[in-house]
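Structure at a glance
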Amino acid sequence: MCAEVQQRLQQFSREVLDLLKNQGSHCRLPVSKFVSAYHQYFSRQCRVADYGFSKIIDLLSAIPKSIQILGDGNKRIMTITHRCQMKRFTNDIIRILKNKPQRSMSISEIPIEYGKLFDFQIRKQNYGNFSKNWHIKNRSTLLILACVIWKILSMKLKIIKN
């Protein structure tokens, strides 16, 4: 694939993530409704050929780091990958902390502050599927959570230094 098409594909990936993030709390969309949702959201057609593909499903499958497609046939649903959901969770928590005067809060405050900022209750389903042993199954998630802790700690350290 040439560099220009690769850049377009990266831009498309960012656009799809943006579209899915604005589909409500679960960030899901039936694949059958993607083209019309894309057109409505971006006010332009999604031209599959611009990215070197002939089918929409092939184009969507070309961005596996950003989205995943669940199900088969006409019941396929696209959603944000677990890794992207965890990054989204990290950014939401950091956004909450930035609104706090001391940039810190107790864990028990998270649901209250989340509700104030986003106007709906925090639910684990908002950030993808978690199982009881999710930390064992997904080491990349542990890395992301370590980054969250590091960012939170570094925010606290900045305040202490000032």
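Residues numbered from 1 in each chain as written. Predicted model: local features only at pLDDT ≥ 70, side-chain atom pairs only at ≥ 80, totals over all residues. Heavy atoms only, no water.

With respect to the sheet that holds strand E3 (residues 77-80)
Two modes of strand pairing occur in sheets, parallel and antiparallel, and in both the strands are linked by backbone hydrogen bonds. Rule in force here: When DSSP locates at least two bridges between a pair of strands, those strands are taken to pair. The helix and strand labels rest on DSSP assignments: H or I over at least four residues marks a helix, E over at least two residues marks a strand, and numbering proceeds from the N terminus. Simply put, an axis is a line fit to the C-alpha atoms, just over the touching stretch for a helix, and the angle between two N-to-C directions goes from 0 to 180 degrees.
Reading across from one edge, E1-E3-E2 is the order of the three strands in this open sheet, with antiparallel pairing throughout. Taken across any chain shown, the strands that pair with only one partner, and hence form the sheet edges, are strand E1 (28-30) and strand E2 (67-70). In this sheet, neighbouring strand axes are inclined to one another by 25° on average, regardless of whether the strands run parallel or antiparallel. Sheet topology places E1 next to E3; three bridges connect them, and they run antiparallel. Among the inter-strand pairings, Arg 28 is bridged to a residue of E3, identified as Thr 79.

A look at the environment of Val 35
Applied cut-off: Exposure categories follow from relative accessible area, calculated using a 1.4 Å probe and restricted to protein chains: below 20% of the type maximum is buried, above 50% is exposed, and the middle band is partly exposed.
With respect to the helices and strands, Val 35 occurs in helix H2 (residues 34-42). Residue classification places Val 35 among the partly exposed positions, given a relative accessible area of 38%. Along the backbone, Val 35 and Cys 46 are 11 residues apart, and their C-alpha atoms lie at a distance of 6.4 Å.

A look at the packing of aromatic side chains
Put simply, the test is: Classification of ring pairs rests on two measures: the distance between centres of Phe, Tyr or Trp rings, Trp counted by its six-membered ring, which must be within 6.5 Å, and the angle between planes, read as stacked under 30 degrees, edge-to-face over 60 and tilted in between.
Evaluation of the coordinates by the stated rule reveals six aromatic pairs. When the ring of Tyr 38 is compared with that of Phe 42, the centres are 4.8 Å apart and the planes differ by 45°; the resulting orientation is tilted. Residue Tyr 38 and its partner Phe 42 are located together in helix H2, separated by four residues, close to a single helical turn. When its relative accessible area of 0% is taken as the criterion, Tyr 38 is described as buried. What links up through ring pairs into an aromatic cluster is the set Phe 12, Phe 34, Tyr 38, Tyr 41, Phe 42 and Tyr 51.

A few points about the pattern of salt bridges
The condition that has to hold: Take a side-chain nitrogen of Lys or Arg and a carboxyl oxygen of Asp or Glu: if they are within 4 Å of each other, that pair is a salt bridge.
Within this structure, the stated rule accounts for five salt bridges. Its salt-bridge partner being Glu 113, residue Lys 100 comes within 3.4 Å of it at the nearest N-O pair. Here Lys 100 is found in the loop between helix H4 (82-98) and helix H5 (110-118), whereas its partner Glu 113 is found in helix H5, with 13 residues between them in sequence. Of the residues examined, Glu 113 reaches a relative accessible area of 14% and is grouped as buried. In this structure, Glu 113 and Lys 116 form a salt bridge, with 3.5 Å as the shortest nitrogen-oxygen distance. Taken as a pair, Glu 113 and Lys 116 lie in helix H5 at a separation of three residues, close to a single helical turn. One salt-bridge network, held together by shared partners, links Lys 100, Glu 113 and Lys 116.

With respect to the side chain of Thr 79
Which entries qualify depends on this criterion: Residues adjacent in sequence count toward polar contacts only when both atoms are side-chain atoms; beyond that, a polar contact is any pair of N or O atoms within 3.5 Å, and within protein one must be able to donate a hydrogen and the other to accept it. Contacts are assigned to residue pairs with any non-hydrogen atoms lying within 4.5 Å of each other.
Mapped onto the fold, Thr 79 is located in strand E3. On the basis of relative accessibility, which here comes to 5%, the residue Thr 79 falls in the buried class. Within the local environment of Thr 79, its side chain forms a polar contact with the backbone oxygen of Cys 27, the two atoms lying 3.1 Å apart. Beyond its immediate chain neighbours, meaning those up to four positions away, Thr 79 contacts Leu 20, His 26, Cys 27, Arg 28, Ser 66, Ile 67, Gln 68, Leu 70 and Gln 85.

Here's the deal with H5
All buried positions along H5 are accounted for by Ile 110, Glu 113, Tyr 114, Gly 115 and Phe 118. Directly after H5, the chain includes Asp 119, whose backbone phi takes a positive value near 65°.

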